[in-house]
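# Inside the fold
Listed here are the chains, written in short residue letters.
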Amino acid sequence: NLSLNPSSNGNASNAKPSAKQPFFIGVAGGTASGKTTVCNMIISQLRDQRVVLVNQDSFYHSLDAEKLKRVHEYNFDHPEAFDTELLLSCMEHLKRGKAVSIPNYDFKTHQAIEPTRKVIQSESQLTRFPALLLVNPPDIIILEGILVLHDPRVRDLMNMKIFVDTGYLYPFVLIVTNLILGVGSNYLAINSTSADSDVRLSRRIQRDTVERGRNIENVLDQYARFVKPSFEEFILPSKKYADIIIPRGGDNDVAIDLIVQHIHTKLGQHELCKIYPNIVVIHSTFQI
Ligand code: ADP
Ligand code: C5P
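Just so you know, these numbers come straight off a predicted model, no measurement behind them.

Attention shifts here to the site of ligand 2. Surveying the vicinity of ligand 2 reveals 17 residues, the closest of which are Thr-31, Asp-77, Tyr-105, His-110 and Arg-204. One nitrogen or oxygen atom from the side chain of Asp-77 is found 2.4 Å from an oxygen atom belonging to ligand 2. Coverage of ligand 2 by the protein amounts to 98% of the 480 Å² it exposes when considered alone. The pocket occupied by ligand 2, as judged from atoms lying within 2 Å of grid points, is the largest pocket. Contributions of two or more residues to the shell around ligand 2 are made by α7 (196-211) and α8 (216-235). A breakdown of the residues in the shell around ligand 2 according to their chemical character gives 7 nonpolar, 3 polar and 7 charged.

Now the structure itself:
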């Protein structure tokens, strides 16, 4: 179930963890592939370590008034949509054990929100402070996002690179989705070989209309104009840098178990394990 990537150019684990540095994991994959789900599953099994989860979305450039007027022509799936210099600097600081301020991002206004320093001590606090901030030196840093394996400088910081694949959806699920959403079959391809991108698109329609304040027409238009082409041009080619490819995302318990086992082994080897549970999430999905 866990695919060790044979084409990762022998670059697996470029950055060797040192006794003083946190173990840095990158989790990439297409939109709605299950990256967040996989990260949460990994974190839930790492209860004895301090984990910081950083979302690449936190580093989206804010749109100015001019760009906001033409937001439907903006490609949020292009590498230049992100402030990669800031991301790199934050990740380098975190890796050196320094505290950083990371912006929050609002998908409804397409703007960064000033960070509020907030140290999350328990899972119950996570629900009270969804848009947080932190940070004390963690044992493990997880950076999650569509393009976290794209830039070589970011990749080089990582000790483990993961790519999340989605899997397949039975045709009847697509048909039901289509009926519920009331969109025509020209939008969702209904055939017996519905692929990874169909699953992600149907999840994205659901999520963006419910959580990100979008309407179906805009989601489909953005998907066809920018999301799919950029996936093919930038995200899919970054899969070759992954050490591990997880088929079926969060449904793949075996893959998650093996990854967690590997992290425990690495942390044990470098004597980084500490016995104080603490989860810190730096996330960007700020809801208004
Ligand atoms: P990403 O972080 O890659 O955008 P998420 O993990 O947030 O993806 O998942 C996107 C949406 O798909 C969410 O609404 C989530 O609940 C749903 N989802 C994720 N994994 C699965 C799965 N294995 N089966 C069904 N729905 C899933
Ligand atoms: O959570 P997920 O990985 O899907 O988030 C990335 C997606 O968010 C990108 O595919 C991009 O199209 C979308 N996005 C958006 N509006 C923004 C910022 C990102 O639709 N303002």
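Any two side chains of opposite charge can pair, given that their charged atoms come close. A full pass over the atoms with the stated rule returns 11 salt bridges. Note that Glu-85 and Arg-153 form a salt bridge whose closest N and O atoms lie 3.1 Å from each other. With Glu-85 in helix α3 (residues 84-95) and Arg-153 in helix α5 (residues 152-155), the pair connects residues that are 68 residues apart, well separated along the chain. A salt bridge links Asp-208 to Arg-204; its shortest N-O distance comes to 3.0 Å. Highlighted residues: Asp-208 and Arg-204, both in helix α7, separated by 4 residues, approximately one helical turn. For the pair Asp-208 and Arg-204, a shared accessibility class is recorded, and that class is buried. Because the salt bridges share partners, they merge into one network encompassing Glu-85, Asp-151 and Arg-153.

The next point concerns the nonpolar core. In terms of nonpolar packing, the biggest core is built from 36 residues, with Val-54, Tyr-60, Met-91 and Leu-143 touching the most fellow members. Contributions of two or more residues to this core are made by β2 (23-29), β3 (50-55), α3, β6 (140-144) and α8. Tallying contributions element by element places α3 first for this core, with 5 residues. Setting aside its immediate chain neighbours within four residues, Leu-143 contacts Phe-24, Ile-25, Gly-26, Val-27, Val-54, Gln-56, Leu-87, Met-91, Val-148, Val-154 and Met-158.

Moving on to the site of ligand 1. Taken together, Gly-30, Ala-32, Ser-33, Gly-34, Lys-35, Thr-36, Thr-37, Glu-144, Arg-203, Arg-207 and Asp-251 make up the full set of residues near ligand 1. Protein coverage of the free-state accessible area of ligand 1, which is 550 Å², stands at 67%. A majority-of-atoms criterion places ligand 1 in the largest pocket. Contributions of two or more residues to the shell around ligand 1 are made by α1 (35-44) and α7. Residue contributions to the shell around ligand 1 peak at 3 residues, all from α1.

Calculation criteria
Residues numbered from 1 in each chain as written. Chains lettered and ligands numbered in written order. Predicted model: local features only at pLDDT ≥ 70, side-chain atom pairs only at ≥ 80, totals over all residues. Heavy atoms only, no water. Near = heavy atom within 4 Å. Polar contact = N/O pair within 3.5 Å; in protein donor to acceptor, adjacent residues only side chain to side chain. Areas by Shrake-Rupley, 256 points an atom, 1.4 Å probe, with all protein chains shown as cover. 1 Å grid on protein atoms, 1.4 Å probe; cavity = no way out; pocket = protein on both sides within 12 Å on 5 of 7 lines; lining within 4 Å. Sits in = over half its atoms within 2 Å of the grid points. Helix = DSSP H or I, 4+ residues; strand = E, 2+ residues; numbered from the N terminus. Nonpolar A, V, L, I, M, F, W, Y, C, P; charged D, E, K, R; others polar. Salt bridge = Lys/Arg side-chain N within 4 Å of Asp/Glu carboxyl O. Buried < 20%, exposed > 50% of the residue type's maximum accessible area, 1.4 Å probe, protein only. Core = buried A, V, L, I, M, F, W, Y, C linked by side-chain atoms within 4.5 Å. Contact = heavy atoms within 4.5 Å.

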